[in-house]
Amino acid sequence: MSETGGSSERRADGIPTPAGPGRVSADEVEALEALHVPTQRIVGIGLVLWGVALVLTLLVPALHEGDRSWWPWACVAGLVLGTVGLLYVRRGRGNASDAH
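Right, let's walk through the structure included here.

Analysis parameters
Residues numbered from 1 in each chain as written. Predicted model: local features only at pLDDT ≥ 70, side-chain atom pairs only at ≥ 80, totals over all residues. Heavy atoms only, no water. Helix = DSSP H or I, 4+ residues; strand = E, 2+ residues; numbered from the N terminus. Buried < 20%, exposed > 50% of the residue type's maximum accessible area, 1.4 Å probe, protein only. Contact = heavy atoms within 4.5 Å. Areas by Shrake-Rupley, 256 points an atom, 1.4 Å probe, with all protein chains shown as cover. Phe/Tyr/Trp six-rings, centres within 6.5 Å; stacked < 30°, edge-to-face > 60°. Expected span 1.5 Å × (residues − 1). Arc of directions from axis to C-beta.

Along the backbone of the protein chain there are 2 helices and 0 strands. A total of 100 residues make up the protein chain; the buried ones form 13% of that total. The long-range share in the protein chain, meaning contacts at least 24 apart out of those at least 6 apart in sequence, stands at 44%. Total accessible area on the protein chain is roughly 8300 Å²; 62% of this is exposed by carbon and sulfur atoms.

Counting across every chain of the model gives 1 aromatic pair. On the numbers, 6.1 Å between centres and 75° between planes, the contact of Trp70 with Trp71 is edge-to-face. Here Trp70 falls in the exposed class, since its relative accessible area comes to 51%. Judged by relative accessible area, which is 30%, Trp71 ranks as partly exposed.

What follows deals with helix H1 (residues 39-59). Compared with an ideal rise of 1.5 Å per residue, which puts 21 residues at 30 Å, H1 spans 30 Å between its outermost C-alpha atoms and is within 8% of the ideal. If you check which residues of H1 are buried, you get Leu47, Leu54 and Thr57. For H1, the angular spread of the buried residues around the axis is 90°, confining them to a single face. Every exposed residue of H1 that faces more than 90 degrees away from the buried side is listed here: Arg41, Val48, Leu49 and Leu59. Packing partners of the buried residues in H1 comprise helix H2 (71-91).

Spelled out as structure tokens, the structure:
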């Protein structure tokens, strides 16, 4: 495909730079900051929901009999993996070091 009009300038990554009066210079661009997300709270809410799901699947026989016999184990897996995730976030390893 060929460009019809526009600038032939390209950035270092090969993307054409816009031309014209609406063009934003590199000096005008502000650095984006990461959005603060309460990661520990979100993981904790997920753990509570998996716990509620486990209790419900164990209390209602139709939810753990027959073809659905794996449902309680899915809840247990969610609780185990969520606990590992929560410990990972609390310890602050890798990208999770800024999570609060």
